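Chain residues, written in single-letter form:
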Amino acid sequence: MQTMLEATSNDKFTSFTSQEYVQLRSENDALREEVQSLKQQLTWLKRQVFGRKSEKRLIDDPAQAGLLFDALPESDEPAATEQVSYTRRKGSKNRGDAVTDAGLRFNDDVPVEVIHVKDPDVEAIPEEHREVIDEKVSHRLAQRPGSYVVLEYRRAVVKDKREQRIHTAKAPNNVLEGSFADVSFLAGMLIEKFCDHLPLYRQHQRLVRSGITVSRSTLTQQVERAIVLLKPIYDAQLKHILQSKVLAMDETPIKAGRARPGKMKQTWFWPVFGESDEVCFIHSPSRGSQVVTEALGEHFDGTLVSDGHSAYTCYADKRPAVTHANCWAHARRKFEAALNDEPKAAGQALEWIGQLYRVEEQIRKNNLQGEQKLEWRTKHSVPIVKDFWAWCDQQRQRMDLVKTSPLLKALGYALGRQAALEVFLGDPDVPIDTNHLERALRPIPMGRKNWLFSWTEVGARHIGVIQSLLVTCRLHGVNPYTYLIDVLQRISQHPASRVNELVPRVWKETFAGDPLLSDLQRVNQ
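Conventions we followed
Residues numbered from 1 in each chain as written. Predicted model: local features only at pLDDT ≥ 70, side-chain atom pairs only at ≥ 80, totals over all residues. Heavy atoms only, no water. Phe/Tyr/Trp six-rings, centres within 6.5 Å; stacked < 30°, edge-to-face > 60°. Helix = DSSP H or I, 4+ residues; strand = E, 2+ residues; numbered from the N terminus. Buried < 20%, exposed > 50% of the residue type's maximum accessible area, 1.4 Å probe, protein only. Lys NZ or Arg CZ within 6 Å of the ring centre and 35° of its normal. Contact = heavy atoms within 4.5 Å. Polar contact = N/O pair within 3.5 Å; in protein donor to acceptor, adjacent residues only side chain to side chain. Core = buried A, V, L, I, M, F, W, Y, C linked by side-chain atoms within 4.5 Å. Pairing = 2+ DSSP bridges. Right-handed = clockwise from strand over helix to strand, strands pointing away. Patch = residues over 30% accessible without salt bridge, like charges linked within 9 Å, V, L, I, M, F, W, Y side chains within 5 Å. Areas by Shrake-Rupley, 256 points an atom, 1.4 Å probe, with all protein chains shown as cover. Salt bridge = Lys/Arg side-chain N within 4 Å of Asp/Glu carboxyl O. Lys, Arg positive; Asp, Glu negative; His and termini not counted. Charge placed at Lys NZ, Arg CZ, Asp CG, Glu CD. pLDDT = per-residue confidence, 0-100. Axes fitted to C-alpha atoms, helices over the stretch in contact; angles between N-to-C directions. Parallel < 35°, antiparallel > 145°, perpendicular 65-115°, else oblique. Left-handed = near helix turned anticlockwise from the far one by under 90°. 1 Å grid on protein atoms, 1.4 Å probe; cavity = no way out; pocket = protein on both sides within 12 Å on 5 of 7 lines; lining within 4 Å. Points joined across faces, edges and corners; volume = space filled by probe spheres on them. Nonpolar A, V, L, I, M, F, W, Y, C, P; charged D, E, K, R; others polar.

A. Quick look at the packing of aromatic side chains. The full count for this structure, using the stated rule, is 12 aromatic pairs. Both rings, one in F269 and one in F281, keep their centres 6.2 Å apart while their planes meet at 75°; by these two values the pair is edge-to-face. Taken as a pair, F269 in strand β9 (residues 263-273) and F281 in strand β10 (residues 279-284) lie far apart in primary sequence, 12 residues in all. Each member of the pair F269 and F281 is classed as buried. Ring plane angle 90° and centroid distance 5.2 Å describe the contact between Y483 and W507, whose orientation is recorded as edge-to-face. One end of the pair, Y483, is in helix α16 (residues 480-490); the other, W507, is in helix α17 (residues 504-510), and 24 residues separate them in sequence. With respect to class, Y483 is no different from W507; both count as buried. The structure contains a cluster of three or more aromatic residues connected by ring pairs, namely W328, F335, F388, W389, W391 and F424. In this structure, R140 is placed above the aromatic ring of Y153, and the distance from its NZ or CZ to the ring centre is 5.0 Å.

Listed below in structure tokens is the structure:
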């Protein structure tokens, strides 16, 4: 009986092997690849949650301990949910206690600085012939760093007894006509929102705590009107950037505008970094190659440095005069993502790339420029790059790498962009990566974590305008508060044909030594 069972079992195995073995082997390989891919995704997720964010390579860096799910509380019972309904009531505007028809209200705790405005015509009247019959009072909201103050302008209404004429000094000019906001307050709002990433609703809360009542919609309008004044300066800066021979370009997402109820549109900022350390954020609802064409125009014939996004490659392929250079930092990140799966091979790749960066560090320390920089790269970087490509070709021949392997993807990414990655070896003005641009665009994702989205695409374009000027101020060591106070006042008196003098790069050399002050600063001098 046992012999018969064994024979039957052997027959079934023989039949199974001959008919289904190939199919099962294929399915087994597919499942292995899927499991490996899921493990890689889990490793990446753990890195995002628990891993260090710096790209500096540490030797013998201990592996992160603990799983993602270890950090989650265990519970067999579902969390209790509570449904809460909200009803929004639209309150009526009450301006009974407004000190001006603009709606500015403040209590007695708010400090008030009194400014007496003199009238040259009144000063010309002999004192014995003057009679003060009244006084006109207007108010503007100003801001000191960390506090608010109200400027009270008092203009004497004087009667000339000789001619029975009334004289009153004109109200001082304001940046925004009919606005209660002093230029110091406008500059402070812009700095806090776009440099300190403090949303307007939080600024509004602080105003309320300080005893000042201003609607949030009014704050939004003041910001919009101020940025519109700065738009010609942004245009002049972008025009100068596009004249550079070496440009760096990238893209970063932002939610702007409503796609449908409860859903925001996905739009993009395209920062462009020029060779004079200037940056402009171009907003577009698309991430396609047509944006690069529209941004750079038909006359750009320099070198474009970017990541591996196909939009830049498509643009460069259509423009033979444009040289496309790729970023080594992005190539490095592909190998860094393969460390857990292939620690030895990925570590070797990181070592090759690390040698290139050590050469660049030596160039910076020795302050090499032009031909000296090119000779140094030729002597030290070119051999490293050649050895790296030979190593990549050797690794791609490995039979044990499945097509979903992170190492194979990293090798394909680097080898597919070999020519673009070598551009920096032949041009000393081309950087090895786009890290300088990524540092410049950091205020966008930092701000996005606080104000989350832009309600309209127009608002997103305004964000691009003000961030372009503020980031460029930081790159040139210009105090953005001093810059905005000066430029917002200077716009109305500066010739439009010389608007390029107001971009931060030129303003630093032209006006930074004697900037225009706000009334608040003049009072405190």
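B. Structural detail: the side chain of Q467. Checked against the element boundaries, Q467 lands in helix α15 (residues 457-475). Given a relative accessible area of 1%, Q467 falls into the buried group. Residues within four places of Q467 in sequence aside, it is in contact with F194, F281, P443 and I444.

C. Summary view of the side chain of H476. By the element assignment, H476 lies in the loop between α15 and α16. Overall, the relative accessible area of 16% leaves H476 in the buried class. Within the structure, the side chain of H476 is placed 2.9 Å from the backbone oxygen of D277, a separation counted as a polar contact. Here H476 is in contact with S276, D277, E278, R505 and K508, once residues within four sequence places are set aside.

D. Structural detail: the nonpolar core. Membership of the largest hydrophobic core comes to 119 residues, with the highest contact counts inside it found for L304, W328, F335, F388 and L484. Broken down by element, this core gets its largest block of residues, 10 residues, from helix α5 (residues 216-241).

E. Inspection of the pairing of strand β12 (residues 323-326) at higher detail. Where strand β11 (residues 303-306) and β12 come together, four bridges link them in parallel fashion. Bridge pairing in β12 links S306 to N326. Between β11 and its parallel partner β12, the chain crosses via helix α7 (residues 310-318), and the hand of that crossover is right-handed.

F. Region of the structure containing the environment of V137. Relative to the assigned elements, V137 resides in strand β3 (residues 130-144). Sequence-distant contacts of V137, defined by excluding residues within four places in its chain, comprise E152, Y153 and R154.

G. Expanded view of a positive patch on the surface. Positive charge collects at one region of the surface, where R364, R439, R442 and R474 lie side by side. Tracing the backbone through its elements, the reader meets R442 in the loop between α13 (435-440) and α14 (443-451).

H. Seen up close, the confidence of the model for the protein chain. Within the protein chain, residue pLDDT values average 86, and 86% of them lie at 70 or more. Confidence drops under pLDDT 50 across residues 59-82; counting only partners more than four residues distant or on other chains, this segment forms 13 contacts. With pLDDT under 50 throughout, residues 90-96 is counted as low confidence; its partners more than four residues away or in other chains account for five contacts.

I. Structural view of unusual backbone geometry. The residue Q164 is not glycine, and still its phi comes out positive at about 55°. The topology assignment puts Q164 in the loop between β4 (147-160) and β5 (165-168).

J. Main features of a nonpolar patch on the surface. A cluster of nonpolar residues, L45, V49 and F50, forms a patch on the protein surface that exposes about 220 Å² of accessible area. Structurally, F50 can be placed in helix α1 (residues 2-50).

K. Layout of the packing of helix α4 (residues 200-209) against α5. Taken N-terminus to C-terminus, the directions of α4 and α5 make an angle of 120°; their axes are 10 Å apart at the nearest point. Considered as vectors, α4 and α5 are oriented oblique to each other. Here α4 runs over α5; the crossing is right-handed. Seen from α4, the contacting residues are L200, Y201, H204 and L207; seen from α5, they are R216, L219, T220 and V223.

L. Representation of the layout of surface pockets within the structure. In this structure, the second largest pocket encloses a volume near 820 Å³. Contributing to the lining of the second largest pocket are 22 residues, with K193, L200, T220, F453 and W455 lying nearest its centre. Elements that contribute at least two residues to the lining of the second largest pocket include exactly α3 (183-194), α4, α5, α14 and α15. Tallied by class, the residues present in the lining of the second largest pocket amount to 12 nonpolar, seven polar and three charged.

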